[in-house]
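# Geometric and topological summary
The chain contents come next:
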Amino acid sequence: MNNVENIIWEANYKVIKLTGEGVRQFLHGQTSADIIGAHKEDFIKACCLSNKGKVRALIEIKLNSIGADILVLSGSHQEVLEGFDRVIFPADRVHIKSIDCIRRVQKISLEETWKESIVRWIGDKKSIDNIFKGFRLATLKEVESWRIMQGIPLSEKDISSASNPIELGLIDLIDSNKGCYLGQEIISKLIRVGLVNKQIRFWESNHEIKVNTDLVDNKKESIAGIITSSCKISDKKTIGLAMIKRQYLKYNTLFSVNSYHSISLKIPISFAQLNNDS
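Structural notes, computed from the coordinates. Model, not experiment: these values are computed from the prediction.

Parameters and conventions
Residues numbered from 1 in each chain as written. Predicted model: local features only at pLDDT ≥ 70, side-chain atom pairs only at ≥ 80, totals over all residues. Heavy atoms only, no water. Core = buried A, V, L, I, M, F, W, Y, C linked by side-chain atoms within 4.5 Å. Buried < 20%, exposed > 50% of the residue type's maximum accessible area, 1.4 Å probe, protein only. Helix = DSSP H or I, 4+ residues; strand = E, 2+ residues; numbered from the N terminus. Phe/Tyr/Trp six-rings, centres within 6.5 Å; stacked < 30°, edge-to-face > 60°. Lys NZ or Arg CZ within 6 Å of the ring centre and 35° of its normal. Polar contact = N/O pair within 3.5 Å; in protein donor to acceptor, adjacent residues only side chain to side chain. Contact = heavy atoms within 4.5 Å.

## Quick look at the nonpolar core
For soluble globular proteins, nonpolar side chains are generally found buried alongside one another. Ranked by internal contacts, the top residues of the largest apolar core, which has 41 residues, are Trp 9, Leu 49, Leu 58, Leu 73, Ile 108 and Leu 168. Counting residues per element, this core draws most heavily on strand β1 (residues 7-19), at 5 residues.

## Description of the packing of aromatic side chains
Applying the stated criterion to the full structure yields 6 aromatic pairs. Geometrically, the ring pair formed by Phe 43 and Trp 121 is edge-to-face, given 5.7 Å between the ring centres and 80° between the ring planes. Highlighted residues: Phe 43 in strand β2 (residues 43-49) and Trp 121 in strand β6 (residues 119-122), separated in sequence by 78 residues. When its relative accessible area of 14% is taken as the criterion, Trp 121 is described as buried. Look at Phe 132 and Phe 135: their rings are 5.6 Å apart centre to centre, the planes differ by 80°, and that puts the pair in the edge-to-face class. The class of Phe 132 is buried, set by a relative accessible area of 3%. One cation-aromatic arrangement involves Lys 220 over Tyr 260; the distance from NZ or CZ to the ring centre is 4.2 Å.

## Comments concerning the side chain of Ser 117
Its place among the elements puts Ser 117 in the loop between β5 (95-108) and β6. Ser 117 gets classed as buried once you look at its relative accessible area, which sits at 6%. Separated by 2.8 Å, the side chains of Ser 117 and Gln 106 make a polar contact. For Ser 117, the contacting residues outside a window of four places in its chain are Gln 106, Lys 107 and Glu 112.

## Notes on unusual backbone geometry
Look at Arg 93: it is not a glycine, yet its phi comes out positive at around 55°. Position of Arg 93 relative to the elements: it lies in the loop between α2 (77-87) and β5. Overall, Arg 93 belongs to the partly exposed group, its relative accessible area being 46%. Residue Tyr 260 is not a glycine yet carries a positive backbone phi of 60°.

Below, the structure written as structure tokens:
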């Protein structure tokens, strides 16, 4: 991918539509973002967490005059829809439905975090926004390469229900000053302690290494991590994401457990660390 080029990622997504007087209060309690304090037309990125503080989904929220539209960027649209539906009561004054697909378009860049690059939602019959005039559509390999270097947890393995937002570098999507929300007690404790058991890392290797491959250090004494994403970008280079155990996070190099091929490790472009991370 030539980063000098103007490139866009376009994909289709279903949208969850919430309407009613209680939408803001409901989303404030069900997501990691400060919805009560947001402006009417704000576009918000947030996490849906479990009661144990694990990331169930990565979402985008568009507030409007009658409620909000929610796009599930990572995780299961159906699970988020059903999860919301289970906890909505008549007193919440919220109505929910899933609507047809929209086109989501985002600028691809390695110079800025994906959380800040331009995003537009476009209706089926609408033309692409003028802001993307002169941009070309990225190939599937370019999109995968970009999202891996960014550290966007889009694959099922990357955003498994076993990981919390600090481990995935999504702590900047958690509003620590807001009121009660699902998973808050666990996340607040993790922020206070400042330690997690593992973190996601970008890796590259001169060899092809597949998803689910365990990683070890040069002494081969114990498992240091596991490959969660892998993309072969040339005959001599493969990149991906891996979940690395805390005691190995300062290592620059680890090895695949079977073939003992080396991989080099880096912090992904968009990875947000706690203020007390060293």
